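For reference, the chains in residue letters:
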Amino acid sequence: MGLRPVHVNIKAVDASVVGRFWAEALGWSAYGPGVTTYVGPAGGLVWPDPVVVGVDVVPVPGRKTAAKNRTHLDLATTSLAHQAELVARLKDHGATPLDIGQGDVPWTVLADPEGNEFCVLEPREVYRDTGPIAAVVVDCLDPRAMARFWGEAMGWVVHKATDDLVHLRSAEGVGPYLELFRSPHANTAPDRVHLDLLPHPGDDKAAEVARLKALGATDLDLGQGDVPWTCLTDPEGNEFCVLALP
């Protein structure tokens with residue numbers, strides 16, 4: 001069945017500020033269940049959410065230093081007016097425009113208050129039912145090879161595949177896409193953004209970690225010490241974590 005992505009982990013010096021920003025960006029609520037700030041649908045904290053991939057903002061002591069994160073979020077919009085309103089509103093809440101060489105494109109590239117890149121997309125039919133997060137986008141050298149790893153890791157299905165971009169989505173056809181985008185730059189430093197995965201009820205976390213290693217994942221020591229989650233990297237060195245069942 002594979003592991004399910006339960007949230008996108010974003011590191012921040014001020015987790016509460018960045019969490020409130022992402023709540024505004026997604027139209028959700030920011031919750032403080034512990035040291036982190038979790039962003040999910042309004043109406044009370046539900047974790048793990050059966051459909052939504054949330055955002056978990058984790059406090060760290062150091063600010064972003066890498067030129068560009070290898071993982072970012074693409075936000076969905078329903079109309080050109082919605083796109084323009086969302087971009088304007090997020091600028092009022094601390095977002096800044098970014099030029100990453102995108103040229104003249106119909107989407108808008110921004111950074112959150114601590115410099116983490118994201119895109120506000122123009123309305124696209126393919127994202128009409130994803131919710132506010134259209135896609136989690138990961139830069140990689142070989143999208144097709146990475147799609148084989150992530151497809152096996154999560155049990156997700158390839159919807160579109162070229163040498164430059166592969167779209168995957170859950171077998172149930174719900175929630176955001178995972179998009180693997182070709183980049184000429186290899187991963188050389190820890191990222192500020194990564195996916196956190198969770199076993200399905202009844203599955204064994206240790207067995208799932210062993211399965212991922214057989215697929216090409218490797219252990220990652222970030223100084224996390226004795227914690228209930230397992231830090232790994234995919235075959236190109238992008239970090240992710242396998243969480244323990246609640």
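All values derive from a computational prediction rather than experimental measurement. (Residues numbered from 1 in each chain as written. Predicted model: local features only at pLDDT ≥ 70, side-chain atom pairs only at ≥ 80, totals over all residues. Heavy atoms only, no water.)

Colleague: Explain the packing of aromatic side chains here, please?
Modeller: Geometrically, a pair of aromatic rings is defined through the distance of the ring centres and the angle of the planes. Counted by the stated rule, this structure contains seven aromatic pairs. Plain terms: the ring middles of phenylalanine 149 and tryptophan 150 are 5.3 Å apart, the flat faces sit at 90 degrees to each other, and that makes the pair edge-to-face. The class for phenylalanine 149 is buried, based on a relative accessible area of 3%. Arranged with centres 5.1 Å apart and planes meeting at 65 degrees, the rings of tryptophan 150 and phenylalanine 240 form a pair that is edge-to-face. Of this pair, tryptophan 150 sits in helix 3 (residues 143–154) while phenylalanine 240 sits in strand 16 (residues 239–242), and the two are 90 residues apart along the sequence. In terms of burial, tryptophan 150 and phenylalanine 240 fall into one category: buried. Members of the aromatic cluster, joined through ring pairs, are Phe21, Trp22 and Phe118. (Phe/Tyr/Trp six-rings, centres within 6.5 Å; stacked < 30°, edge-to-face > 60°. Buried < 20%, exposed > 50% of the residue type's maximum accessible area, 1.4 Å probe, protein only. Helix = DSSP H or I, 4+ residues; strand = E, 2+ residues; numbered from the N terminus.)

Colleague: Would you explain unusual backbone geometry in this entry?
Modeller: Negative phi is the rule for most residues except glycine; trans is the rule for most peptide bonds. Note the cis peptide between tryptophan 47 and proline 48, where omega equals -5 degrees. Mapped onto the fold, proline 48 is located in the loop between strand 3 (37–40) and strand 4 (54–59).

Colleague: Please clarify how the sheet that holds strand 7 (residues 108–111) should be interpreted in this entry.
Modeller: Strand-to-strand pairing in sheets goes through backbone hydrogen bonds, with the strands running parallel or antiparallel. On the basis of which strands lie adjacent, the open sheet formed by eight strands has the order 6-7-8-5-9-12-11-10 and mixed pairing. Looking at the sheet topology across the chains shown, the edges are occupied by strand 6 (96–97) and strand 10 (157–161). As paired strands, strand 11 (residues 165–169) and strand 12 (residues 177–182) are joined by four bridges and run antiparallel to one another. The residue of strand 12 that forms the bridge with leucine 168 is leucine 178. Against the sheet, helix 1 (residues 15–26) contacts strand 5 (71–75), strand 8 (117–120) and strand 9 (133–140), and its axis sits at roughly 35 degrees relative to strand 5. (Pairing = 2+ DSSP bridges. Contact = heavy atoms within 4.5 Å. Axes fitted to C-alpha atoms, helices over the stretch in contact; angles between N-to-C directions.)

Colleague: In this structure, what is going on with the nonpolar core? I would like to understand it.
Modeller: Considering soluble globular proteins, one finds that nonpolar side chains tend to be buried as a cluster. Trp22, Leu75, Trp150 and Leu178 are the most contacted members of the largest nonpolar core, which has 50 residues in total. Counting residues per element, this core draws most heavily on helix 1, at seven residues. In this view, leucine 75 contacts Trp22, Ala25, Leu26, Leu86, Leu90, Phe118, Cys119, Val120, Leu121, Pro132 and Ala134; residues no more than four positions away in its chain are not counted. In this structure, Val109, Cys119, Leu121 and Tyr127 belong to the second largest nonpolar core, which totals nine residues. (Core = buried A, V, L, I, M, F, W, Y, C linked by side-chain atoms within 4.5 Å.)

Colleague: What am I meant to see in the packing of helix 3 against helix 4 (residues 205–215) here?
Modeller: Angle between the axes and distance between the axes: these two values describe a pair of packed helices. Axis separation between helix 3 and helix 4 bottoms out at 10 Å; the angle between their running directions is 165 degrees. The angle between helix 3 and helix 4 falls in the class roughly antiparallel. Considering how the two elements wind past one another, helix 3 and helix 4 form a crossing that is right-handed. Across from Phe149, Glu152 and Ala153 in helix 3, the residues of helix 4 making contact are Arg211, Leu212 and Leu215. Residue classes in the contact of helix 3 with helix 4 are distributed as four nonpolar, no polar and two charged. (Parallel < 35°, antiparallel > 145°, perpendicular 65-115°, else oblique. Left-handed = near helix turned anticlockwise from the far one by under 90°. Nonpolar A, V, L, I, M, F, W, Y, C, P; charged D, E, K, R; others polar.)

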